[in-house]
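Analysis of the macromolecular model
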Amino acid sequence: MSNRQAALSLYRRSLKLSLDWAVHRSLWRGQALYIRSLFEANRNVTDARKQRTLLSETEKLLETWKHPDPFCYPTAPGGLRPVANIAYRSLAMLTYEPGSKFERNLSVPNTNPPPPLKF
């Protein structure tokens, strides 16, 4: 992979990473412009060794800023789309909805107070 392709890949990854941290897309836009300015500042570096060091530093920076729980589209593998995720479907079947046909299958709630503690 050439340095140009690696820089473009890092730029896209940094934009996606910042989108994971942004609360609203309008706030993300400012971050995206800042990231663009950082990449534009080093656009005219022609020394291959300097380019490689910049790419490796950026790679390390992206690793440190990686989100612990990144955003995943519902239709992507691991997403929460009920049709695609069987575990989520089974969880949705267990939720309580008043008036649903599952309501009559619920057990009677325990209203007794807990037993006293003995020390």
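In this text the structure is predicted, and so the values were computed from the model without any measurement.

Comments concerning the overall build of the chain
A count of helices and strands for the chain gives 4 helices and 0 strands. Secondary structure of the chain in N-to-C order comes out as α-α-α-α. Split into buried and exposed, the 119 residues of the chain put 13% on the buried side. Partitioning the contacts of the chain with sequence separation of at least 6, the portion at a separation of at least 24 is 50%. Accessible surface computed for the chain: about 10,600 Å², of which carbon and sulfur atoms make up 60%.

Points about the confidence of the model for the chain
On average, the chain scores 78 in pLDDT, and the residues at 70 or more come to 71%. Ranking the elements of the chain by mean pLDDT puts helix α4 (residues 86-94) last with 50 and helix α3 (residues 48-64) first with 92.

What about the nonpolar core?
Membership of the largest hydrophobic core is limited to 6 residues, which are Y11, L15, A22, W28, A32 and I35. No other element matches helix α2 (residues 25-41), which puts 3 residues into this core. In this structure W28 touches L15, S18, L19 and A22, once residues within four positions along its chain are discounted. Of all hydrophobic cores here, the second largest spans 5 residues; its members include A6, L10, L17 and L62.

With respect to the packing of helix α1 (residues 3-21) against α3
The N-to-C vectors of α1 and α3 enclose an angle of 20 degrees; their axes lie 11 Å apart at closest approach. Looking at the two axes, α1 sits roughly parallel to α3. Considering the relative orientation of α1 and α3, their crossing is left-handed. Of the residues in α3, those in contact with N3, A6, A7, L10, R13, S14 and L17 of α1 are A48, Q51, R52, L55, T58, E59 and L62.

Quick word on the side chain of S14
With respect to the helices and strands, the residue S14 is situated in helix α1. Among the polar contacts made by the side chain of S14, one reaches the main-chain carbonyl oxygen of Y11 at a distance of 2.7 Å. With near-sequence residues (within four places) excluded, S14 lies in contact with I35, F39 and L62.

Rules and cut-offs
Residues numbered from 1 in each chain as written. Predicted model: local features only at pLDDT ≥ 70, side-chain atom pairs only at ≥ 80, totals over all residues. Heavy atoms only, no water. Helix = DSSP H or I, 4+ residues; strand = E, 2+ residues; numbered from the N terminus. Buried < 20%, exposed > 50% of the residue type's maximum accessible area, 1.4 Å probe, protein only. Contact = heavy atoms within 4.5 Å. Areas by Shrake-Rupley, 256 points an atom, 1.4 Å probe, with all protein chains shown as cover. pLDDT = per-residue confidence, 0-100. Core = buried A, V, L, I, M, F, W, Y, C linked by side-chain atoms within 4.5 Å. Axes fitted to C-alpha atoms, helices over the stretch in contact; angles between N-to-C directions. Parallel < 35°, antiparallel > 145°, perpendicular 65-115°, else oblique. Left-handed = near helix turned anticlockwise from the far one by under 90°. Polar contact = N/O pair within 3.5 Å; in protein donor to acceptor, adjacent residues only side chain to side chain.

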